[in-house]
Amino acid sequence: MTYYTVNDFEREEVIRRSRFLTVLKKVDDEDEATAFLTALKAKYHDASHVCYAYRVGERAERARFSDAGEPQGTAGKPILDALVSAEATYSLIAVVRWFGGVKLGAGGLTRAYRLCAASGIEEGGRRKFTLCSLFEICTDLSLYGAVVKTVESRGGVVTARDFSDKVNLTVAVEEAPEAIFKAVNDTTKGNVGITPLESRFLEI
């Protein structure tokens, strides 16, 4: 299972004399999204509109959007649609508009906000997070190199190393970890300790 997030990013363009500033932000929850929007509105208090959409949750269970005074359905929903198309969650996009004196009409506004959001995602890029099985390997220093080589040759990623009288490695793997368990035990003739940990979404 995977999901994507946006990168923190800003871009600006002028569409028929209106200035549009698109702001993308990775957010961990709704509280962070709300706080970020509050700060953004204070920073750009002179703007005509601060429209936005965000999705949070591993399956994007919670989503919010706002037209912020633009005609209903012309701003927040097109921004949200861009997030959905990008399969992005834990992500917020705000589009700040300064009216330039030329009315765009409902269709023009919808196209402008959709373009701003989609271009922001394309230019800023996405980050991929995958649900990984995690486990800890405790080994003697003399076996450290062989253990790491075995883990990495079978698709595992060492995410943390702790050296003391023993070496404790935290390992992440996208597939079921049993094959790595067996390979490490075979390599070390069982002279390691392997402790399964809770699965998590990681960027690996």
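Below, the structure is looked at part by part. As the structure is a prediction and not an experimental result, all values here were calculated from the model.

A large share of strand 9 (residues 167-173) lies buried, amounting to seven of its seven residues. Residues Val167, Leu169, Val171 and Val173 point to one face of strand 9 and Asn168, Thr170 and Ala172 to the other, with burial holding for every one of them. Note: strand 7 (residues 126-139) against strand 9, seven bridges, orientation antiparallel. Note that in strand 9 the partner of isoleucine 137 across the bridge is leucine 169. Summarising the sheet, strand 8 (residues 157-163) and strand 9 pair through six bridges and their orientation is antiparallel. Among the inter-strand pairings, alanine 160 is bridged to a residue of strand 9, identified as threonine 170. Here strand 8 hands over to strand 9 after three residues, the two strands then running antiparallel side by side.

Let us look at the nonpolar core. Ranked by size, the top nonpolar core spans 22 residues in total, and within it Phe20, Ile79, Leu83, Ile93, Val95, Tyr113 and Ile121 carry the most contacts. Counting only elements with at least two residues in this core, the list comes to strand 3 (18-26), strand 4 (49-56), helix 2 (76-85), strand 6 (91-98) and helix 3 (105-124). Apart from residues lying up to four places away in sequence, isoleucine 121 is in contact with Val6, Leu24, Ala82, Leu83, Ala86, Ile93 and Arg126.

Here we take up the packing of helix 2 against helix 3. Direction vectors running N to C along helix 2 and helix 3 enclose 30°, while the axes themselves pass 8 Å from each other. Between helix 2 and helix 3, the angle is such that the two are roughly parallel. Of the two possible hands of crossing, helix 2 and helix 3 adopt the one that is right-handed. Between helix 2 and helix 3, the residues in contact are Pro78, Ile79, Ala82 and Leu83 and Thr110, Tyr113, Arg114, Ala117, Ala118 and Ile121, respectively. Tallied by class, residues from the contact of helix 2 with helix 3 come to eight nonpolar, one polar and one charged.

Here is what the cut-offs are and how they apply
- Residues numbered from 1 in each chain as written.
- Predicted model: local features only at pLDDT ≥ 70, side-chain atom pairs only at ≥ 80, totals over all residues.
- Heavy atoms only, no water.
- Buried < 20%, exposed > 50% of the residue type's maximum accessible area, 1.4 Å probe, protein only.
- Helix = DSSP H or I, 4+ residues; strand = E, 2+ residues; numbered from the N terminus.
- Pairing = 2+ DSSP bridges.
- Core = buried A, V, L, I, M, F, W, Y, C linked by side-chain atoms within 4.5 Å.
- Contact = heavy atoms within 4.5 Å.
- Axes fitted to C-alpha atoms, helices over the stretch in contact; angles between N-to-C directions.
- Parallel < 35°, antiparallel > 145°, perpendicular 65-115°, else oblique.
- Left-handed = near helix turned anticlockwise from the far one by under 90°.
- Nonpolar A, V, L, I, M, F, W, Y, C, P; charged D, E, K, R; others polar.

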